[in-house]
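Coordinate analysis (summary)
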Amino acid sequence: MQKQTKFLLSENDIPRYYYNIMADSPVPATPVLNPMTKEPVTPDFLSALFPMNLIEQEISMDRYIEIPDEVREIYKLWRPTPLIRAHRLEKALDTPAHIYFKYEGVSPSGSHKSNTAVAQAYYNKIAGTKALTTETGAGQWGSALSMACKFFDLDLEVYMVRVSYEQKPYRRYLMETYGAQVYPSPSTRTQAGKAILAQDADSPGSLGIAISEAVEAAAISNGLKKYGLGSVLNHVLLHQSVIGEEAIKQMDMADEYPDVVIGCVGGGSNFAGIAFPFLREKLLNDRDTRFIAVEPTASPTLTRGKYAFDYGDTAQMAPIVKMHTLGHDFIPAKIHAGGLRYHGMAPQMSMMVDAGLVNAVAISQMDVFEAASLFATTEGILPAPESAHAIRGAINEAMDAKALGEKRVILFNLSGHGHFDLTSYQAYNEGKLEHYDYPEEAIASIDERLPNVSLGVTN
Ligand SMILES: *Cc1c(COP(=O)(O)O)cnc(C)c1O
């Protein structure tokens, strides 16, 4: 019998609607608070940072939101992305499980982040925005937004976490090639950056600090610049739903349905992207699927963090949201999955984990790179270290199925390729990677470091 490996859709199958989980969520949305007043935010506060059309998406309860033709036209550059059956990995594991992955690394910038970058640039453009500010860790989000801003003729200012800016400059060159201005964060361009540098002139930076700088740069621009975030927010998760909508059709082509859906989590967007459409099928149509979010042991937001109201950034300028958090002052260890080192989590993801609809596991970077190598040597694709967390999760499921002697259908999202992460692979190949657990003292002190919110809902 012929084994089919790739399940491909045509351009006509690019989804026409984004799916909004809030329409079907069994738990209500939690409030978003102004970081100064700690009262629920007004559209006014948000409109300093985002255009009104994205604010509407942020609070929308509509199940489906139409994808503009201009956005679908650009999606055609890489969408629909392939669904691939990992026959060779299955064979190497000698497992009865069927392993499928959705491959988002085929986008021009190399990850799923282009899905929301193009949408955000489009909605800003039609709202009259002239320039955007943003932050980036390892540079995946920065490069996706740089490309999207160029397509829509918007200027872009990127605050890049200093340690990445210095040690992993290649994505910076990519952003600059797309026409963005890139600054190492903390920088002297903002009050937030200067305050950090005054305490520690050699600060390696963090995503939380870079967010503060990008938010400040937009907030003080008198409406000239808006801010774009690559994960966490509801409208970002919404845009990523194209991944899962396509995957549903492709699993159907394969004549199978996933018993388990797996993704890595930094802020939660690629996981939500693949999982929420399948979660809709579970909630509305009784499909029986488990959901597993995989995070690093070094940044264990969902598995060890506290579900509480916290600031989205270090300098306490971004809104306060209810999420799993390690504390907004979290400075991550220098692990190699730069995109998974955020202190918080998308509120929608946290809600689903808290409601027991999504399970979370934490995996050490040694185990992650072992999985990444096995994947590269069987399937040929060199995964992003972030995405390799999902691969490890899928391998663990496949081995469990083998131990139980059961056929299990596993679907995971391969959020990006690792062609810019070769120094990480070099470190692994040379035996220089270390296991890192986030320290217990830092977990124990999260409570003390949370903001005091005086709503009926308290921390
Ligand atoms: C940014 C990034 C992630 C983590 O972000 P999420 O919002 O959790 O998806 C994962 N994989 C890749 C390749 C990334 O670039």
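Model, not experiment: these values are computed from the prediction.

**So, the pattern of salt bridges**
- Under the criterion given, the structure shown has 23 salt bridges.
- Measuring nitrogen to oxygen at the nearest pair gives 2.7 Å for the salt bridge that ties Arg280 to Glu245. With Arg280 in helix α12 (residues 269–285) and Glu245 in helix α11 (residues 234–253), the pair connects residues that are 35 residues apart, well separated along the chain. Note on accessibility: Arg280 and Glu245 belong to one class, buried.
- Put simply, Arg280 and Glu281 hold a salt bridge, and the shortest N to O gap is 2.9 Å.
- Three or more residues are tied together by salt bridges with common partners; here these are Arg290, Glu397, Asp400, Glu406 and Arg408.

**What to know about the layout of surface pockets**
- For the largest pocket, the calculated volume is near 620 Å³.
- In terms of lining residues, the largest pocket is bounded by 33 residues, among which Val32, Glu58, Leu233, Asn234 and Val321 are the most central.
- Residue assignment for the lining of the largest pocket shows that the elements contributing at least two residues are α1 (43–47), α2 (52–59), α10 (207–219), β13 (320–325) and α14 (347–354).
- By residue class, the composition of the lining of the largest pocket is 26 nonpolar, six polar and one charged.
- Viewed by domain, the lining of the largest pocket spans two of them, domain 1 (6–13 + 76–110 + 242–449) and domain 2 (17–67 + 113–234), each represented by three or more residues.

**With respect to the domain arrangement of the protein**
- Taken domain by domain, the protein consists of domain 1 (6–13 + 76–110 + 242–449) and domain 2 (17–67 + 113–234).
- Each of domain 1 and domain 2 has a C-alpha centre, and the two are 22 Å apart.
- Summing the contributions of domain 1 and of domain 2, the shared interface buries around 4200 Å²; its carbon and sulfur component is 67%.
- Counting the surface domain 1 buries against domain 2, the share from its top three residues, Ser109, Met317 and Phe420, is 15%.
- Counting across the interface, domain 1 meets domain 2 through zero salt bridges.
- Remark: the boundary between domain 1 and domain 2 carries 15 residue pairs in polar contact (both at pLDDT 80 or more).
- Top contributing element to the side of domain 1 that touches domain 2 by residue count: α12, with seven residues.
- Looking at the side of domain 1 that touches domain 2 residue by residue, the classes come out as 32 nonpolar, 15 polar and nine charged.

**Thoughts on the packing of aromatic side chains**
- Under the defined criterion, the tally for this structure stands at 17 aromatic pairs.
- When the centroid spacing of 5.8 Å and the interplanar angle of 45° are considered together, the rings of Tyr19 and Tyr64 count as tilted. Of this pair, Tyr19 sits in strand β2 (residues 17–19) while Tyr64 is found in strand β3 (residues 64–66), placing the two residues 45 residues apart along the sequence.
- Overall, Tyr19 belongs to the buried group, its relative accessible area being 2%.
- By the ring-pair criterion, three or more aromatic residues cluster together here, those being Phe101, Tyr103, Phe375 and Phe412.
- Above the plane of the ring of Tyr19 lies Arg280, whose end atom (NZ or CZ) is 4.6 Å from the centre.

Cut-offs used in this document
Residues numbered from 1 in each chain as written. Predicted model: local features only at pLDDT ≥ 70, side-chain atom pairs only at ≥ 80, totals over all residues. Heavy atoms only, no water. Salt bridge = Lys/Arg side-chain N within 4 Å of Asp/Glu carboxyl O. Helix = DSSP H or I, 4+ residues; strand = E, 2+ residues; numbered from the N terminus. Buried < 20%, exposed > 50% of the residue type's maximum accessible area, 1.4 Å probe, protein only. 1 Å grid on protein atoms, 1.4 Å probe; cavity = no way out; pocket = protein on both sides within 12 Å on 5 of 7 lines; lining within 4 Å. Points joined across faces, edges and corners; volume = space filled by probe spheres on them. Nonpolar A, V, L, I, M, F, W, Y, C, P; charged D, E, K, R; others polar. Domains from an automatic or database assignment. Buried area = accessible area lost by both parts, 1.4 Å probe. Polar contact = N/O pair within 3.5 Å; in protein donor to acceptor, adjacent residues only side chain to side chain. Phe/Tyr/Trp six-rings, centres within 6.5 Å; stacked < 30°, edge-to-face > 60°. Lys NZ or Arg CZ within 6 Å of the ring centre and 35° of its normal.

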